[in-house]
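Here's the letter readout for the chains.
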Amino acid sequence: MTWTGAISQLLEIVLALALAPLLTGWVNQCRAWLQNRSAPPLLQPYYLLHKLFNKESVVAEHASPLFRATPYIVFGCMLLASSIIPTLSTDLPLTLAADAIALVGLFALARVFISLAAMDIGTSFGTLGARREMLIGFLAEPALLMVFFCASLISQSTSLATIVETLAHRELAIYPSLAFAGVAFTIVSLAENARVPVDNPATHLELTMIHEALILEYSGRHLALIEWAASLKLFAYSCAGLALFFPWGVAEAQAPLEMLLALPTLLLKLAAGGAALAVLETLSAKMRIFRVPEFLATAFLLAVIGLLVHILLGS
Amino acid sequence: MSPLLAQLINLLGAILLMLAFAMISQRRVLSLVHLFTMQGAILVVATAVVGYATNQPHLFVSAALTLALKVVLIPIMLHRVIDRLEVRWDTEPLINIPTTMLIGILLVIFAFNLGLPIARFSSTIARGTLGIALACVLLSFMMMITRAKAIPQVVGFLSMENGLFFAATSATYGMPMVVELGIALDVLIGVLILGVFMFQIREQFDSLDIRHLERLKED
Amino acid sequence: MGIETDIARWLLIDWAMVLVGAWLLIGIAGVWALRRFELVSQVLFPLGGVVGVLLFGLAMAALFAPPQAAVLAIGLPTLPFHLRLDALSAYFLMVIGGTAAGVSAFAAGYFRRGEGTPPGLMCLQYHVFLASMAGVVLADDAYAFMVMWETMALSSFFLVTSNHRVAEIRRAGYLYLLVAHVGAIGILMCFGVLQANTGDYSFANMRAQQLSPFWASVAFALALFGFGAKAGLLPLHIWLPEAHPAAPSPVSALMSAVMLKTAIYGLLRVLLDLQSMQLWWWGVVLLAFGLATALFGVVFAAVQSDMKRLLAYSSIENIGLLAAGIGLTVVFSAYGMKALAALALTASLVHVASHALFKSLLFLSTGSVLHATGERNLGKLGGLMHAMPWVAWATLVGVIASAGLPPSSGFVAEWLLLQSFLFTPGLPNPFLNMLIPVAAALIALVAALAGYTMVKFFGVIFLGRPREARLAQAHDANAWQRAGMAWLLAGNVLLGLLPIQFIQLVDPVTRKLVGDGLGPTVGAHGWLLVPTTLERASYGPVIFLVGVAASFALAFALVRKLYHGRIRRAAPWDCGFPWQTARMQDTAEGFGQPIRQIFEPFFSMQRELPSPFDSQPRYRVVVEDHFWRALYQPIADAVARVARLIGLLQRGRIAVYLLYSFVTLITLLLVVRQ
């Protein structure tokens, strides 16, 4: 591990922590513009976090230590996930410890813990949310894994740093298998980040909630950590999408100063991605819950077809 | 420049396959027609690219014909039929959609396997896409089998023809002009006749559900 | 070979035989102390555990020693037992010894007075079971193997039917014995084919034989049938969900964690050691059966409402994954790609150890729950985390391992398996290199469904609110139970965090079986597990855990420092409906309902739905296996029909029997006259 590696890793962690709520605020802004209403200020998520941290945490009477530990665990998982996806630079020592498969496992770990915490309180809302979250997860996780496999077959590696370096360095080439993987990845990110058409992040009706039902019982600093973890998850997914499908502009291991150029490139790409997400959300309607497995099955099968197309066409 | 064009053709073939797959999982008839229109547009672009890359002007004519027929004429006719029959939704297909998609994957594997050895003997720029084209044909055929209403079946038939067209373009640089014009005319007439047929079915059974046609069997 | 009297010159195999004999002696001591409960449970079972630990250590040493053989003068005069301790036997002996140690310690605290079988008898059956499993792994000729195999089946049958007063348990035991014997016939015939008409049934002879592809394939099919019946591969899995729940929990743990692995041992021994070559299509058949079994097992596990049945189906899923891994190994081996075969085999062997550890831990925790509450049905449990915190946290570790989440041991096995699948596009066969990535997709799906099942298992039993009032009086595990579970917990954690060291233990086994091993490459990068090259893939579980733990600690400390740590307890959100009861949380059936709906073709379900006019509405769903009606019922009917036909011979009249004897006598005289 070199000095530049350590610095770029630290920079990436700090950047993820700082930028993630901004990305959520930007997506809300774009959504408001498209829906012809005035938006909350861009920094609203930060104000929300500050408010929640200041508040007292109210916990159900019979909640177990698992319930209280879960926000920290989920936060830790999402932070680790954001720090192994190359955003500014591919010189990240932590990518040696966790590759693409471990990244998927990391998301699964967070999902399992938050479902268990939801079941801990023992009300019908929590178990409803847990059941739905695991339902979405059991199809989204293999689909995401297959998307990473498509990229791995092209770059002959599962390490995210190697994948980004290989994809960024090929001469301008179009990979049909990545087209399939791209569509599948979009569907999976919509499902995993609790966006329309899978879940409405602004809903108040308990029967339509998935993500909101899981965190119904949390308040105060626990809720703040979970909200931060959710925006970190969105940030991680966006960066993963950018790293796989638009990898140009990321600094290399031997050129740490390129990070100065990489930062505005990243901001630009994230802004475009956020706007695209807002457009997708505005154009779609929320699906019935039992259409969601079909939706995700489509993503899964598209990703598998992407694998097959890669083997057929050799690209 | 050539490798980039070859990859572009591969990409267009992949998008064609994606659209064929999307058609299987669609329930709304209107979206099916939109997807079919998009498929026709992609086909036009693909034919034009192959024509440009290999300097074969007759492919441009072919592309223009496809544009006129599959992107303009036939979708207009389908929309009119849909408006007059007031069809909006499909009933549940004969086997449920996830199972259909699973069978679709198996068909894709089968088609890719067929395409591999044939592709090795071909010398065209887009030989890798023969497997994709075969897969499109098989997927559309399956869509025809598993749908319960008449219009998705018609769309399936048309998209099968799209797949065949793409196969011809990628393997042998298009068919002789005479054959193409003949096929185009056949398809046009076919759609007209099917349109009339659909009205007749509706008159007879008050519904476009083809399962009612089973009543016509000898008992 | 005479008995070596100088102890200093004893080989490792001699010590192994001593330890196996020690188990037998402990069992016999149990018969002598038939009804003395304290002696059996406080002295004999823990002694058995100590023997297990010693066996574990010995086997680890034997992994790096050259193969050793011994001949025991037991058995028939001209057919003594041949025994052999090589790397493969040593690895499985390690698994047996290590798991048995933990389970024996637990059993010391589990059995209660006055339940069914006398304690001494159970001690005998238990230790004979352990000894015979070790014997199976050590056997070096078909005769010894079959004797040990049968002993294993019989002793486990008696253990399964310990509570023989319940009719259902008797039925489960009968089914178990039936399928075990059907499988044993397959194995015996397989050995018959392997010895290729030379009359010598020792494994050394079988290794030297070169069978034609046809006969080799026949041997493969028989081995798959025979060992598959014991392992629980589709469609011979039918006994597993009945027998494992019927047995007492420590026995279920042993059966699931260790006995199924002896079948895997048999498969590895026959396919990779005794057979001189492998054909690629064997691997594809194994892969197909394995994946079908895995998917079937996990889908059924997700809809169960009995906690031990859920774990039994989960074992079926893991056996399927193991079979798939072995299939991949055979495919690579058939094409001569040794390094990749070693990768796939390493993944499978790590999975063997990991499954043994976490499955036994999970079964033992259900044993604790059963011991404390007397309930097996998930619908009557809940909220046990407050009454039994020790068991709950230990189970959580097992659940994380079972779901294959990092940084647990289950994830290491899954990671290695997926890495080996990523190499399959390099296979020379174009059909295979297109089909196998689809298999990887199925494995990912199975892993995700396993996560679903485990959340259901842990959540319904330990979290939420108690669904029955008397659950509040549940007691936590006692000292012996804790000791057993702690041993297995430590094993789980160590395997998850130190996979590099473990793979170096597996290296001699893969070298022997496929000719290559991961040992040198895996340890070359310090704390990182690198199966092939650093650019290709790497995994560092310790760094992973430290990363998550550090974020946890940092977030905790910073939030407390910058803001505050105040907490207030209140009632949960009830949306204005004040009469919330514990019955309003999800039941096990409710949690599994989405899976039931999506995978409906897999099940044959019978449902009784309540109507709005019922005064006492009832909802009942019975989820059954298609295989009963489609496969086993017709076979059972056919057998019954044939038996009835033959039964016509029995007329009940003495004159008829005398007639039979007379006819036989006349026939013999005629024959002798020729």
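Before any of the text, the structure's been laid out above.
Remember, it's a predicted structure, so these values are computed and weren't measured experimentally. (Residues numbered from 1 in each chain as written. Chains lettered and ligands numbered in written order. Predicted model: local features only at pLDDT ≥ 70, side-chain atom pairs only at ≥ 80, totals over all residues. Heavy atoms only, no water.)

> Requested: an account of the interface of chain B and chain C, with residues and values cited.
In this complex, chain B contributes 4 residues to the contact, which on the side of chain C involves 5 residues. For the pair chain B and chain C, the summed buried surface comes to about 460 Å²; carbon and sulfur atoms form 80% of the total. Ranking the residues of chain B by area buried against chain C places Ile109, Asn113 and Leu116 of chain B at the top, with a combined share of 73%. Connecting chain B to chain C are 0 salt bridges. (Contact = heavy atoms within 4.5 Å. Buried area = accessible area lost by both parts, 1.4 Å probe. Salt bridge = Lys/Arg side-chain N within 4 Å of Asp/Glu carboxyl O.)

> Give a detailed account of the side chain of Ser551 of chain C, specifying residues and quantitative values.
Considering the arrangement of structural elements, one finds Ser551 of chain C in helix α21 (residues 541–562). For Ser551 of chain C, the side chain forms a polar contact with the main-chain oxygen of Gly547 of chain C, separated by 2.7 Å. Among all residues touching Ser551 of chain C, those that are not within four sequence positions of it are Gly76 and Leu79 of chain A. (Helix = DSSP H or I, 4+ residues; strand = E, 2+ residues; numbered from the N terminus. Polar contact = N/O pair within 3.5 Å; in protein donor to acceptor, adjacent residues only side chain to side chain.)

> Tell me about the side chain of Thr24 of chain A, and name the residues and values.
Tracing the backbone through its elements, the reader meets Thr24 of chain A in helix α1 (residues 3–34). When residues no more than four places from it in sequence are discounted, the contact partners of Thr24 of chain A are Arg195, Ser231 and Leu234 of chain A.

> Which residues make up the interface of chain C and chain A, and what values go with them?
Reports often express the size of an interface as the amount of accessible area lost when the parts come together. With 73 residues of chain C at the interface, the matching set in chain A holds 78 residues. Here chain C packs against chain A, burying approximately 6900 Å² in sum over the two surfaces, 72% of which is carbon and sulfur. Here Arg568 of chain C makes a salt bridge to Glu56 of chain A, at a shortest N to O gap of 3.0 Å. There are 30 residue pairs in polar contact (both at pLDDT 80 or more) connecting chain C and chain A. With 16 residues, helix α17 (residues 430–462) of chain C is the single largest residue contributor to the side of chain C that touches chain A. Residue composition of the side of chain C that touches chain A, grouped by class: 49 nonpolar, 16 polar and 8 charged. Across 4 bridges, strand β1 (residues 57–60) of chain A lies against strand β3 (residues 567–570) of chain C in parallel orientation. Each bridged residue has a counterpart across the sheet, and for Val58 of chain A the counterpart in β3 of chain C is Arg568 of chain C. (Nonpolar A, V, L, I, M, F, W, Y, C, P; charged D, E, K, R; others polar. Pairing = 2+ DSSP bridges.)

> If you had to explain the packing of aromatic side chains to someone new, which residues and values would you point to?
For the structure shown, the criterion picks out 44 aromatic pairs over all chains. Geometrically, the ring pair formed by Phe145 of chain C and Phe203 of chain C is tilted, given 6.2 Å between the ring centres and 50° between the ring planes. You can see Phe145 of chain C sitting in helix α5 (residues 142–160) and its partner Phe203 of chain C sitting in helix α7 (residues 203–208), a full 58 residues away along the chain. Both residues of the pair, Phe145 of chain C and Phe203 of chain C, count as buried. The interplanar angle of 85° and the centroid separation of 5.4 Å between the aromatic rings of Phe577 of chain C and Trp579 of chain C together place this pair among those described as edge-to-face. Assessed through its relative accessible area of 37%, Phe577 of chain C is described here as partly exposed. For Trp579 of chain C, a relative accessible area of 60% translates into the label exposed. Grouped by ring-pair contacts, the aromatic residues Phe138 of chain A together with Tyr452, Phe591, Phe599 and Phe602 of chain C constitute a single cluster. (Phe/Tyr/Trp six-rings, centres within 6.5 Å; stacked < 30°, edge-to-face > 60°. Buried < 20%, exposed > 50% of the residue type's maximum accessible area, 1.4 Å probe, protein only.)

> Pulling in residues and values, what's your account of a nonpolar patch on the surface?
Residue and element names in this part refer to chain C. Taken together, Val642, Leu645, Ile646, Leu648, Leu649, Tyr657 and Tyr660 make up a surface patch of nonpolar side chains, about 680 Å² in accessible area. Listing elements by their share of the nonpolar patch, those giving two or more residues are α23 (626–647) and α24 (654–673). In terms of residues, the nonpolar patch owes the most to one element, α23, which gives 3 residues. Mapped onto the fold, Leu649 is located in the loop between α23 and α24. (Patch = residues over 30% accessible without salt bridge, like charges linked within 9 Å, V, L, I, M, F, W, Y side chains within 5 Å. Areas by Shrake-Rupley, 256 points an atom, 1.4 Å probe, with all protein chains shown as cover.)

Shape descriptors only; they carry no functional weight alone.
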